2 protein chains.
Amino acid sequence: MTLRIGIDLGGSNLRGAAFDAGDVAAPAQWAQREMVGTDRRPEAIIERVAAMVDRLAADGTGPIDVGVGIAAMLRDRRGTVAVSPHLGWRDVAFGELLAARLGSRFRLGVYNDVNAITWGEHVAGAARGCRDVLAVYVGTGIGGGIIANGQLLEGSTNCAGEIGHVKVRWDDDAAPCACGGRGCVEAYVGGSYLEKRIAREITGGKRNGGARARLARENNAAVQLAGSIERVTPSHVDQAATTGDEWALGLWTDVATLLAIALGNALAILDSERLVLGGGLLSRTPMLFELVETALLVVTPHPILERFDVVAAELGDNAGLVGAAALAADGVARIE
Amino acid sequence: MTLRIGIDLGGSNLRGAAFDAGDVAAPAQWAQREMVGTDRRPEAIIERVAAMVDRLAADGTGPIDVGVGIAAMLRDRRGTVAVSPHLGWRDVAFGELLAARLGSRFRLGVYNDVNAITWGEHVAGAARGCRDVLAVYVGTGIGGGIIANGQLLEGSTNCAGEIGHVKVRWDDDAAPCACGGRGCVEAYVGGSYLEKRIAREITGGKRNGGARARLARENNAAVQLAGSIERVTPSHVDQAATTGDEWALGLWTDVATLLAIALGNALAILDSERLVLGGGLLSRTPMLFELVETALLVVTPHPILERFDVVAAELGDNAGLVGAAALAADGVARIE
């Protein structure tokens, strides 16, 4: 049978699936998952990706489209990795090396992982049938993908959709971000920053003073839900906010406002008909999700709101596999 | 000969030109300009636009593509005006009424005026040959147009590119904007707001206090350039900043930072290869233009800067005519 193959190369897992090439929404026929492991030299990873493609292609006939979504900032449409903090790569000709290893039977495209996920939701998930979509995933960091005029918006260096790095602060106290910049929304709303802020506020950093910290330790609803200060996660804060806890609601309102400003500003520019929200943090914090939705109504220009909705991502981990395979099948950024 | 026609319907002028349909960059063959005047009822304006099209089409043969750029927020791809403060319209089926009046010889498309201008710079001006472009015009207000993947980004309600209404403030003191929102970049950088701020700072509003106001009156470099307090324009401030005047430089740095934040955030999302800057204000304030360029280097994510430049708009008033005609010829948002 004719197949298309989707690969998701993340910081922890290498996953792949083959799909019936005749049906864009078909479930994965075969799926594979392995740990990325410790040997992250490009040549080692490329060999393992190629071996997975070969296994997935075993039952296929004819030329096979292969799409790879990679947790990296790309530099061009030939799969060159500018930087991947997850893989520890910088300036790696990943796409061309992988294409050479795979050989002419395979038609390869390499995509930013969030772009692949966004396209997956477009062809088979929460953004089916939409011509203009903004998809934003809030997990450890914040990533975004854009569909405009029914096409994936790639951008000139294949870096479109970097909504995590729009600035929401630009004064001298703006928080440093992992990207090297300061004041990025990711530095206030991304999961890893948020966990640090929660810990700091609960345990009472220097700025909170002893009395407030003691009070927090004793009465904090999130701490009570978690059982101990050390175990408080954003989920506990979300539950505490739902019960009306003042500290949790205040924190969540801060966070929701900053995220909504970044989202509303992107919508003013893109005029999307649908905002898809997903990611590890937002999928576990329904109250925060709701506060973001409410804040969006205030900060988004009104004409855009006339035909607009916010939905949760549907496909979870499969979105990237579905999307990468579909993009490759459409010939997007094919490496010839 | 075969023609295409471009029309620019603004708040003051109705302009039109016919172009040789065989050459996208051809100069206008015939051009017309008249005042919009006082009778702004939709039926009156539509009749005048149609009469201009008929005149411009007199020497044409065969079907003729007609593109109209209009100073309005559109609601759809059929030329429905949601609101046009300039024309005093709300909910006007402009496109369909004009198409009915023009008849089947003409193939009509209606576009936001800034989108038409952006497309004009793309086909024959400062963004020729670029696949991903952000064009921003700072005049009385701030408008933007986007080219993504080589296509005009229209958005789901045909309102994409509303960069004037991204928020740069969201605290309780955020400035009110003509759009009904608060904290929009237009409310800090748009020409009409800027002129008010200049007047307020020079004449000494309540917040400036008597002493500072007196000092400003006596020593302000912009006032000396203008001859009197009442005649100070942004151009005088720009000249004063160039000579190193502290107040003018401080104001311009404020303004440039806010505009650069809005632009840099848009670029983080769009990953454009070129930023085209134009409009009545920026074309007369070279020092401000330069400060914006410099600030952009700080606030834009670095990978995007690798392949990026900032250029001034080239076509001036003709851009909208060229662009509207070219969009219509490409069949974009054709009203069937």
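Scroll up a little and you will see the structure.
A. Spatial organisation of the relation of the copies chain A and chain B. Superposing chain A onto chain B takes a rotation of 180 degrees plus a shift of 0.0 Å along the axis, which leaves an RMSD of 0.0 Å. The operation mapping one copy onto its partner corresponds to a two-fold rotation axis. The position closest to the rotation axis in chain A is occupied by the C-alpha of A266 of chain A, lying 3.6 Å away. With an isologous cut-off of 70% or more, the 100% of interface residues of chain A that recur at the interface of chain B puts this contact in the isologous class.

B. Seen up close, unusual backbone geometry. Unusually for a residue other than glycine, D271 of chain A sits at a positive phi of about 55 degrees. As for its placement among the helices and strands, D271 of chain A is situated in the loop between α9 (246-270) and β12 (274-278). Although it is not a glycine, N158 of chain B sits at a positive phi angle of roughly 65 degrees. Along the chain, N158 of chain B falls in the loop between β11 (151-152) and α4 (186-189).

C. Representation of the sheet that holds strand β6 (residues 81-84) of chain A in the model. Residue and element names in this part refer to chain A. Spatially, the three strands line up as an open sheet ordered β5-β6-β7, and their pairing is antiparallel. Strands with a single pairing partner mark the edges of an open sheet, and in this sheet they are β5 (73-74) and β7 (89-92). Sheet analysis places β6 next to β7, joined by three bridges and oriented antiparallel. Bridging across to β7, S84 finds its partner in W89.

D. Molecular detail of the environment of V332 of chain A. All names here are of chain A. Within the element layout of this structure, V332 appears in the segment after α12 (318-329). Sequence separation between V332 and A93 is 239 residues, and the spatial gap between their C-alpha atoms is 18 Å. Setting aside residues no more than four positions away along its own chain, V332 makes contact with G109, L152 and L327.

E. Geometry of the pairing of strand β9 (residues 133-138) of chain A. All names here are of chain A. The buried count for β9 comes to six of six residues, which makes it a mostly enclosed element. Of the two faces of β9, the one lined by V133, A135 and Y137 and the one lined by L134, V136 and V138 are each fully buried. Examined bridge by bridge, β9 and strand β10 (residues 142-148) share six bridges and lie antiparallel to one another. Within β10, the position partnered with V138 by the bridge is I142. As paired strands, β9 and β12 are joined by five bridges and run parallel to one another. Paired with L134 across the strands is L275, a residue of β12.

F. Highlighting the packing of helix α1 (residues 42-56) of chain B against helix α2 (residues 94-102) of chain B. Residues and elements named next belong to chain B. In the contact formed by α1 and α2, the axes pass within 10 Å of each other and the chain directions differ by 45 degrees. Relative to α2, α1 is oriented oblique. Seen from above, α1 lies across α2 with right-handed handedness. Along its contact with α1, which presents P42, I46, V49, A50 and V53, the element α2 presents F94, L97, L98, R101 and L102. Tallied by class, the residues present in the contact of α1 with α2 amount to nine nonpolar, no polar and one charged.

Criteria and cut-off values
Residues numbered from 1 in each chain as written. Chains lettered and ligands numbered in written order. Predicted model: local features only at pLDDT ≥ 70, side-chain atom pairs only at ≥ 80, totals over all residues. Least-squares fit on C-alpha atoms with pLDDT ≥ 70 in both. Contact = placed C-beta atoms within 7 Å. Helix = DSSP H or I, 4+ residues; strand = E, 2+ residues; numbered from the N terminus. Pairing = 2+ DSSP bridges. Buried ≥ 20, exposed ≤ 12 C-beta atoms within 10 Å, placed from the backbone. Axes fitted to C-alpha atoms, helices over the stretch in contact; angles between N-to-C directions. Parallel < 35°, antiparallel > 145°, perpendicular 65-115°, else oblique. Left-handed = near helix turned anticlockwise from the far one by under 90°. Nonpolar A, V, L, I, M, F, W, Y, C, P; charged D, E, K, R; others polar.

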